[in-house]
Amino acid sequence: MERPVVPSLPERLRGRIAREGPLRFDEFQACALYDPAAGYYERPGRVGREGDFVTGASFHPAFARCLARIVHRLREERPGPLEVLDVGAGEGELLAFLSGELPSGTRLLGVEASSVRRAAAEARVPAARFHAGIEEVPKGVRGLVVAYELLDALPVRALRATEDGTLLERRVAAGEGGAFAWVETLCPDGEAILAALSRRGAVLEPDQLLEVRPGAPALLREIAARLGQGLLLLFDYGAPTRALYGPARANGTLEAFLGHRVTRDVLTDPGSRDLTAWVDFGEVEEVLRAEGLDVFGLVSQSRLLLSAGIARELAVADGETVSPERAVERNAIAKLVSPGGMGESIRVLVAGRDTALGQSLIAGPIV
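Please read these numbers as outputs of a predicted model, since none were measured by experiment.

A. Here's a closer look at the overall build of the protein. For the protein, the helix and strand inventory stands at 15 helices and 16 strands. In terms of overall dimensions, the protein has C-alpha extents of about 65 × 60 × 45 Å along its principal axes. Residues counted as buried form 54% of the 367 residues belonging to the protein. The long-range share in the protein, meaning contacts at least 24 apart out of those at least 6 apart in sequence, stands at 74%. Total accessible area on the protein is roughly 16100 Å²; 52% of this is exposed by carbon and sulfur atoms.

This is how it looks when you write it as C-alpha cells:
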C-alpha cells in the first residue's frame, strides 16, 4: 500500500493563502519556524558551527563559566538552594556546560518548545528538568534565569509607515509561479501600535519598514512571574525603542540566516532558514518593570562577560609559553567579547528581583 504524499510546507502555505488570502507575516513566520512537521526549529543541528548560526551560549564553555560565577555570587548573597532556568534551551548546550560548574545542589531547568530539540536536550543533560513551555515551570525560581536569543525568534508583524502617518501591514501572498511575495493592506490596529511606539520615544520616517513582536509581552510576563528571587539575563540582538525605529534602520531589521550567511530574503523556501528581527528593548523594560522587576540596565555581552570574569580565561601568566592549542582556545574565547562580533552586537538586559547583584554586574567586575 502506497503511503499518501504529504504536501511540503510551502505547498501547505500556498493552499492556506488560496483559502484565506494573504497571511500576516507573523503567521507565515510561525509556520516557517515552528511547523511540527517541517518548521526550521523542528530540525536538529540548526545551531552551532555546523549549522546556520552560533550563539554565545553554545559557542564555548567559557560563557557558561561566567554565568556560573554569577550563580556563585547569588549563593554568597543569600545562601540556600538555587536554580538555573534556561528559557529557549535548544539542545541543552548551555545547561550541559553549566552542569559541572555550579554550586552543589543547584537545580537545572530548561524550556524548549521544539519536541525534537527538547528530546536532544534531555539526552544531553539528563539531570535537568525540561518543559515544553514557560507556563509549565513552577513559580518561585530562586537563582538565575537566562534567555539567549529567545525573543528574536518570536514571530513579528511586518509593517510600513506611510507619509500620511498611517501603518500598512505587509502580508505574504503567492505570486507568479507560486513564489511568495509581499502585498500591503491597511493595518487594522495601526493607531494603537503607533501610540505604543510613540510612548516609548519612536519617531518613524515616511516609507520606513518596521517590525513589532505581538507575542513578546505575554512571554515576558510569564518569565517574570517565574522569578521569585535572583537575576534575569536576556541576551539578544536589539536596541532601545528610539534607536530601533528611526532613519538608521529605515529598512527594518527582518533577516534570514542560512549557512552562517545573512540575507534579506525571508520568503523563499519557508522552513529552510532562520527568520529573525531585532528586539525592542524599550518594550522589554516596560513589561518587566510593570511586573515588579528591577531593571538594572542594557549592556553589551562583552561588558557583562568581562564583569563576570572572562578575562581570567584569556590571561597569560608571566613567563607562560602559549601552546598552539592554548592559542586556539584563547581565540575562541575572545570571540565571545570581540568588538566586531557577538561581543558587541548582542545586548544583555539585566533585571532581577530582590537582589543587589544586578547593579554590581553592569557597573564593573563582580569577581
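B. Broad picture of the environment of G271. Turning to its location among the elements, G271 is positioned in the loop between β12 (261–263) and β13 (274–276). In sequence terms G271 and F296 are 25 residues apart; their C-alpha atoms lie 37 Å from each other.

C. Main features of unusual backbone geometry. In the Ramachandran plot, D207 falls in the positive-phi region, its phi being about 70 degrees despite a non-glycine side chain. Looking at the element boundaries, D207 is found in the loop between α7 (190–199) and β9 (209–212). Residue D207 is classed as partly exposed on the basis of its relative accessible area of 42%.

D. Inspection of the packing of aromatic side chains at higher detail. Within the structure shown, the criterion is met by eight aromatic pairs. Measuring from ring centre to ring centre gives 5.4 Å for F25 and W182, while their planes differ by 35 degrees; the resulting arrangement is tilted. In this pair, F25 is assigned in helix α2 (residues 25–34) and W182 in strand β8 (residues 180–186), connecting sequence segments 157 residues apart. Of the residues examined, F25 reaches a relative accessible area of 0% and is grouped as buried. Arranged with centres 5.4 Å apart and planes meeting at 70 degrees, the rings of F28 and F180 form a pair that is edge-to-face. Taken as a pair, F28 in helix α2 and F180 in strand β8 lie far apart in primary sequence, 152 residues in all. The exposure class of F28 is buried, given its relative accessible area of 0%. Residue classification places F180 among the buried positions, given a relative accessible area of 12%. Connected via pairs of aromatic rings, a cluster forms that spans F25, F28, F180 and W182.

E. Representation of the pairing of strand β7 (residues 167–174) within the structure. Buried residues dominate β7, accounting for seven of its eight residues. Relative to β7, strand β1 (residues 23–24) runs antiparallel, the two being bridged by two bridges. Each residue of the ladder has a partner; that of R24, found in β7, is R171. One ladder, built from three bridges, connects strand β6 (residues 157–161) with β7; its direction is antiparallel. Within β7, the position partnered with R160 by the bridge is L168.

F. Fine view of the sheet that holds β12. Taken in spatial order, the three strands line up as β12-β11-β13 in an open sheet, and their pairing is antiparallel. For this open sheet the edge positions go to β12 and β13, each flanked by a neighbour on one side alone. For this sheet, the mean angle separating the axes of adjacent strands, direction not counted, is 30 degrees. In this sheet, β13 lies alongside strand β11 (residues 255–258) in antiparallel orientation, the contact comprising three bridges. Looking across to β13, one finds that F257 is bridged to D274.

G. Spotlight on helix α6 (residues 115–124). Every buried residue of α6 is accounted for by R117, R118 and A121. One side of α6 carries all its buried residues, which in axial view fall inside an arc of 100 degrees. Turning to α6, the residues buried within the fold contact β4 (129–131).

H. Structural view of the pattern of salt bridges. All told, the structure shown has 18 salt bridges when counted by the stated rule. A salt bridge links E20 to R16, with the nearest nitrogen and oxygen atoms 3.1 Å apart. Taken together, the residues span about one helical turn, with E20 and R16 both in helix α1 (residues 9–20) at a distance of four residues. Residue R16 is classed as partly exposed on the basis of its relative accessible area, which comes to 21%.

The rules behind each value
- The residue count restarts for each chain, going from 1 along the sequence in the order it is written.
- At least 70 in pLDDT is required for a residue's local features to be given in this predicted model, at least 80 for side-chain atom pairs to be given and counted, and no such filter applies to totals for whole chains, interfaces and linings, which use all residues.
- The side-chain values count all of the structure's non-hydrogen atoms but skip hydrogen atoms and water molecules.
- Strands are runs of DSSP state E lasting at least two residues, helices are runs of H or I lasting at least four, and both sets are numbered from the N terminus onward.
- Burial classes: relative accessible area under 20% of the type maximum marks a residue as buried, over 50% as exposed, and values in between as partly exposed (1.4 Å probe, protein chains only).
- In this analysis, two residues are considered to be in contact whenever any of their non-hydrogen atoms come within 4.5 Å of each other.
- Shrake-Rupley sampling with a 1.4 Å probe provides the accessible areas, and residues are treated as covered by the protein chains on show and by no other component.
- Two aromatic rings from Phe, Tyr or Trp, using only the six-membered ring of Trp, form a pair when their centres are within 6.5 Å; if the ring planes differ by under 30 degrees the pair is stacked, by over 60 it is edge-to-face, and anything between is tilted.
- One requirement defines pairing of two strands: DSSP has to find at least two bridges between them.
- Fitting a line to C-alpha atoms yields each axis, with helices limited to the stretch in contact; the angle taken between N-to-C directions then spans 0 to 180 degrees.
- Summarising the geometry, the arc corresponds to the directions from the helix axis toward the C-beta atoms.
- Put simply, a salt bridge is a Lys or Arg side-chain nitrogen that is within 4 Å of an Asp or Glu carboxyl oxygen.

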